[in-house]
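Overview (structure and organization)
Here are the chains, one letter per residue:
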Amino acid sequence: MGVFDFARDAGAMIGIGESSKDKAAREAKEAAADAKEASAERAEAAAKRAKDRKAAKAKADRVERIAETKKSHALEQYVRDLGFDVAKLDIRYDDGVATITGEAADQETREKVILAVGNTTEVERVEDEITVPEDAADESQMHNVVSGDTLSGIAKEYYGDANKYMVIFEANKPMLSDPDKIYVGQVLRIPPAA
């Protein structure tokens, strides 16, 4: 009896066992398959995340469109409640911008509608597409109220007479209910001096 040495890698050549070369090739093949499977899983997960993001964005867009439609209807109702005579009134609200169309009875009504809508929360800009009769009066000036403004001070600035504050108050009714209640950021009509 004795001990015999053999070449360990020789067994694979006759189909018994696995040589280190074959083992390395098998492990490489398994690693490639595992990597391919992991890559496919990552791709599938990424596709699912993308689909979920797209669905969430679509839902958010729908919610935003519904909110903007509600805001549009609320603005139209507000203008109607103020009693303004505007035929075919249509207000579209989109991301802070209110677009107003319709046919106003006169220039004063047109300007009051613009101010009523523009001086509303969440409206940053008004796009005016309101028509008026050709013989409409001249346009009024607009004044942005700043800290410290009063109607009498504004009247002094535009008319040279602080006592004409009621002209400005009347020009901005019904949006103004009291000559002493104006606020910073509000826009007021300043009609031409009579």
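As shown above, the structure is provided for reference.
The paragraphs below set out a description of the structure included in this document. (Residues numbered from 1 in each chain as written. Predicted model: local features only at pLDDT ≥ 70, side-chain atom pairs only at ≥ 80, totals over all residues. Heavy atoms only, no water.)

1. Describing the pattern of salt bridges
We apply this condition: Here a salt bridge means any side-chain nitrogen of Lys or Arg lying within 4 Å of a carboxyl oxygen belonging to Asp or Glu. To qualify as a helix, a DSSP run of H or I must reach at least 4 residues; to qualify as a strand, a run of E must reach at least 2; elements of each kind are numbered from the N terminus. Three labels apply to residues, based on accessible area from a 1.4 Å probe with only protein chains included: buried if under 20% of the type maximum, exposed if over 50%, partly exposed otherwise in between.
One pass over the full model with this rule turns up ten salt bridges. Ionic pairing is found between Asp-52 and Lys-48, a salt bridge with its closest N-O pair at 3.1 Å. Note that Asp-52 and Lys-48 are positioned in helix α1 (residues 20-81) at a spacing of four residues, about one turn of the helix. On the accessibility criterion, Asp-52 (40% relative accessible area) is partly exposed. Glu-103 is the salt-bridge partner of Lys-88, the closest N and O atoms lying 3.5 Å from each other.

2. Digging into unusual backbone geometry
Peptide bonds are mostly trans, and most non-glycine residues show a negative phi. With an omega of 5°, the peptide bond running from Lys-173 to Pro-174 counts as cis. Positionally, Pro-174 belongs in the loop between α4 (165-171) and β5 (187-190). Within the chain, Lys-88 stands out as a residue other than glycine whose phi angle is a positive 55°. Its location among the elements puts Lys-88 in strand β1 (residues 86-94). Residues other than glycine seldom take positive phi values, yet Asp-95 does so here, at roughly 50°.

3. Notes on the side chain of Lys-71
Formally: In this tally, Lys and Arg are treated as positive and Asp and Glu as negative; His is ignored, and so are the chain termini. By the convention used here, residues are in contact when the closest approach between their heavy atoms is within 4.5 Å.
Checked against the element boundaries, Lys-71 lands in helix α1. It is Glu-122 that comes nearest to the buried, bridge-free Lys-71 among opposite-charge side chains, at 4.5 Å. Sequence-distant contacts of Lys-71, defined by excluding residues within four places in its chain, comprise Tyr-93, Thr-120, Thr-121, Glu-122 and Val-123.

4. Examining helix α2 (residues 107-118)
Using the following cut-off: Here, expected helix span is obtained from the residue count minus one, scaled by 1.5 Å. Counting of polar contacts relies on pairs of N or O atoms within 3.5 Å, with two restrictions inside protein: one atom must be capable of donating a hydrogen and the other of accepting it, and residues adjacent in sequence are counted only when both atoms are side-chain atoms.
Here α2 is twelve residues long and its end C-alpha atoms lie 16 Å apart, about the 16 Å a rise of 1.5 Å per residue gives. Within the sequence span of α2, burial applies to Gln-107, Thr-109, Arg-110, Glu-111, Lys-112, Val-113, Ile-114, Leu-115, Ala-116 and Val-117. Sitting at the amino-terminal end of α2 is Asp-106, which places a side-chain oxygen 3.3 Å from the backbone nitrogen of Glu-108.

5. Some details on the sheet that holds strand β2 (residues 97-104)
How we decide: In this description, strands pair whenever DSSP reports at least two bridges between them. What counts as an axis is a line fitted to C-alpha atoms, over the stretch in contact for a helix, and the angles between N-to-C directions run from 0 to 180 degrees.
One open sheet holds the three strands; their spatial order is β1-β2-β3, and the pairing between them is mixed. Both edges of this open sheet fall to β1 and β3 (125-131), since each of them pairs with a single strand only. This sheet shows a mean twist of 10° between the axes of neighbouring strands, independent of strand direction. Alignment of β2 against β3, held across seven bridges, turns out to be parallel. Residue pairing in the sheet places Thr-101 in a bridge with Glu-129 of β3. α2 contacts β1, β2 and β3 of the sheet and is inclined by roughly 155° relative to β3.

6. Focus on the nonpolar core
A general feature of soluble globular proteins is that nonpolar side chains tend to end up buried together. Definition in use: Buried Ala, Val, Leu, Ile, Met, Phe, Trp, Tyr and Cys residues that are joined via side-chain atoms within 4.5 Å together make up what is termed a nonpolar core.
Among the nonpolar cores identified, the biggest contains 18 residues, and Leu-75, Val-79, Phe-84, Ile-91, Ile-100, Val-113 and Val-117 are the most heavily contacted of them. Mapped onto this core, the elements with two or more residues apiece are α1, β1, β2 and α2. Looking at this core, the element that brings in the most residues is α2, giving five residues. Beyond its immediate chain neighbours, meaning those up to four positions away, Val-117 contacts Leu-75, Val-79, Ile-91, Ala-98, Ile-100, Val-123 and Val-126. If you look at the next biggest cluster of nonpolar residues, it comprises eleven residues, including Leu-151, Phe-169, Leu-176 and Ile-190.

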